Amino acid sequence: PVSKVCISQIEDRIICSSERIYPQPELTWSTIPPSNTRAYIMTTVQQTEEQLYSVSSSLMVSDGDPDLIYSCTVKTRTNKKRATYKFRKSPTAEHSMHIVVQIMIAIIGLSPVICTVIAGRCKKGPR
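In this text the structure is predicted, and so the values were computed from the model without any measurement. (Residues numbered from 1 in each chain as written. Predicted model: local features only at pLDDT ≥ 70, side-chain atom pairs only at ≥ 80, totals over all residues. Heavy atoms only, no water.)

J.: Could you clarify how one ought to interpret the state of the cysteines in this entry?
T.: Defined simply, a disulfide is a covalent bond joining two cysteines at their sulfur atoms. Summed over the entire model, instances satisfying the criterion amount to 1 disulfide. Here C6 is not disulfide-linked; the sulfur of C16 is the nearest cysteine sulfur, at 8.2 Å. C6 gets classed as partly exposed once you look at its relative accessible area, which sits at 34%. (Disulfide = S-S within 2.5 Å. Buried < 20%, exposed > 50% of the residue type's maximum accessible area, 1.4 Å probe, protein only.)

J.: Even after reading the chapter, I still don't get the pairing of strand β7 (residues 80–86), so can you show me in this structure?
T.: Consecutive side chains along a regular strand alternate between the two faces of the sheet. Here strand β6 (residues 69–75) pairs with β7 via 7 bridges, running antiparallel. For S71, the partnering residue across the bridge sits in β7 and is T84. (Pairing = 2+ DSSP bridges. Helix = DSSP H or I, 4+ residues; strand = E, 2+ residues; numbered from the N terminus.)

J.: Which parts of the structure should I look at to understand the sheet that holds strand β5 (residues 53–61)?
T.: Strand pairing in a sheet takes place through backbone hydrogen bonds and is either antiparallel or parallel in direction. Taken in spatial order, the 4 strands line up as β1-β2-β5-β4 in an open sheet, and their pairing is antiparallel. Every interior strand has two partners, whereas the edge strands, β1 (6–10) and β4 (39–47), have only one. In this sheet, neighbouring strand axes are inclined to one another by 15 degrees on average, regardless of whether the strands run parallel or antiparallel. Where β4 meets β5, 9 bridges bridge the pair, whose relative direction is antiparallel. From the neighbouring strand, Q47 faces β5, where its bridge partner is Y53. (Axes fitted to C-alpha atoms, helices over the stretch in contact; angles between N-to-C directions.)

J.: For this particular structure, what's the right way to read the side chain of T76?
T.: Tracing the backbone shows T76 in the loop between β6 and β7. A polar atom in the side chain of T76 sits 3.0 Å from the side chain of T78. (Polar contact = N/O pair within 3.5 Å; in protein donor to acceptor, adjacent residues only side chain to side chain.)

J.: Please clarify how the pairing of β5 should be interpreted in this entry.
T.: Bridge count between strand β2 (residues 13–21) and β5: 7 bridges; the pairing is antiparallel. Bridging from a neighbouring strand, S17 pairs with S56 of β5. Connecting the antiparallel pair β4 and β5 is a turn made up of 5 residues, with Q51 showing a positive phi of about 70 degrees.

J.: Please clarify how the environment of E50 should be interpreted in this entry.
T.: As for its placement among the helices and strands, E50 is situated in the loop between β4 and β5. What makes E50 exposed here is its relative accessible area of 52%. Spatially, the C-alpha atom of E50 lies 8.9 Å from that of R20, the residues being 30 residues apart in sequence.

J.: Explain the sheet that holds β6 to me, please; I cannot follow it from the model alone.
T.: If you trace the 3 strands from one edge of the open sheet to the other, you get β3-β6-β7, paired in antiparallel fashion. The sheet is open, and its two edges are formed by β3 (26–32) and β7, each paired on a single side. Across the sheet, the mean angle separating the axes of adjacent strands is 20 degrees when strand polarity is ignored.

J.: Looking at this model, I keep getting lost on the nonpolar core. Mind explaining?
T.: Nonpolar side chains in soluble globular proteins generally cluster together in the buried interior. Of all hydrophobic cores here, the largest spans 18 residues; its most connected members are I14, W29, Y70, C72 and V74. Elements supplying a minimum of two residues to this core: β2, β3, β5, β6 and β7. Residues within four places of W29 in sequence aside, it is in contact with I7, I14, I15, C16, I41, S57, L59, Y70, S71 and C72. (Core = buried A, V, L, I, M, F, W, Y, C linked by side-chain atoms within 4.5 Å. Contact = heavy atoms within 4.5 Å.)

Given below as structure tokens:
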């Protein structure tokens, strides 16, 4: 039977997996609330030497609805388990740089000392 379903996010993908299952499982994705959001899904099922199965699925989210919750269900003919995940959009590099610049401006404006992080030492800034 299915004992546990793990779900996590890596960049723009939600990963769902379960291990040590018998008989062969089926993995399905859905959203809460139901949606027609398009996503690319890749699922693999592998059988171990002990004749148990592992299943892993990757759902690639493309500009999805930020209010959707993604649900992954792994089931066999004897039971099923479900895990849910609220997708968090990763900040873009441009957005991250904007935040860093804002923080640096705030530090420079509030403090007479500028720390050089790479060198690990501080030097006096303009007054």
